[in-house]
Amino acid sequence: MDYLKGNLIMIYKGSCLCGEVTFEIEGEFENFFLCHCERCRKDTGSAHAANLFSSTAKLRWLSGEAEVKTFNYRSEGHIKSFCSNCGSALPNIQFGGKLLVAPAGCIDNDIHMKPQGHIFCKNKANWDNDFENLPKFKELPNT
């Protein structure tokens, strides 16, 4: 946390995989959801997206802003920003500047809140069940 204007204000730092894009988010997140909708599964290539949401935090690009591309699926509001070099998901501003959406995986420092829930569970992948019962490995096991 950084100390600004007499108040403690959280500064989240983040980046893409290749390091070309770096950013700061100043402020707190109000929500953290794991989204299982078909679009989030498709654009993450995973069981769900893990996104943080804030109506008050501010996004500031530190480097590589020109490398950030934004895709709005059919102009319907499913928006994804990403690094055009490595493809990593990056934060974006939605609803006319009223909502900051940040993929949790692009935040480099610790996030001090846990997901509040799974959303769009009716669209879960058929293989997305009982993950808590799977074995856990510290690294890739021998295959």
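Since we're looking at a predicted model, the values are computed, not measured.

Observations regarding the sheet that holds strand E3 (residues 11–15)
Now for step 1: Overall, antiparallel pairing links the 3 strands, which are arranged E3-E4-E7 in an open sheet. Two strands bound the open sheet, and with one partner strand each, they are E3 and strand E7 (58–63). The mean inter-strand angle of the sheet, taken between neighbouring strand axes irrespective of direction, is 25°.
Now for step 2: Alignment of strand E4 (residues 22–26) against E7, held across 5 bridges, turns out to be antiparallel. What sits directly across from Glu24, in E7, is Arg60.

Looking at the environment of Trp61
Now for step 1: Within the fold, Trp61 resides in strand E7.
Now for step 2: Put simply, Trp61 and Thr22 are 39 residues apart on the chain and 6.2 Å apart in space, counted from C-alpha to C-alpha.
Now for step 3: What Trp61 contacts, discounting residues up to four positions off in sequence, is Val21, Thr22, Phe23, Val68, Leu90 and Pro91.

A look at the environment of Ala89
Now for step 1: Along the polypeptide, Ala89 turns up in strand E10 (residues 89–90).
Now for step 2: Here Ala89 falls in the partly exposed class, since its relative accessible area comes to 28%.
Now for step 3: Spatially, the C-alpha atoms of Ala89 and Thr70 are 9.8 Å apart, while their sequence positions differ by 19 residues.
Now for step 4: If sequence neighbours within four positions are ignored, Ala89 has contacts with Lys80, Ser81, Phe82, Pro103 and Cys106.

How each quantity is defined
- Residues numbered from 1 in each chain as written.
- Predicted model: local features only at pLDDT ≥ 70, side-chain atom pairs only at ≥ 80, totals over all residues.
- Heavy atoms only, no water.
- Pairing = 2+ DSSP bridges.
- Helix = DSSP H or I, 4+ residues; strand = E, 2+ residues; numbered from the N terminus.
- Axes fitted to C-alpha atoms, helices over the stretch in contact; angles between N-to-C directions.
- Contact = heavy atoms within 4.5 Å.
- Buried < 20%, exposed > 50% of the residue type's maximum accessible area, 1.4 Å probe, protein only.

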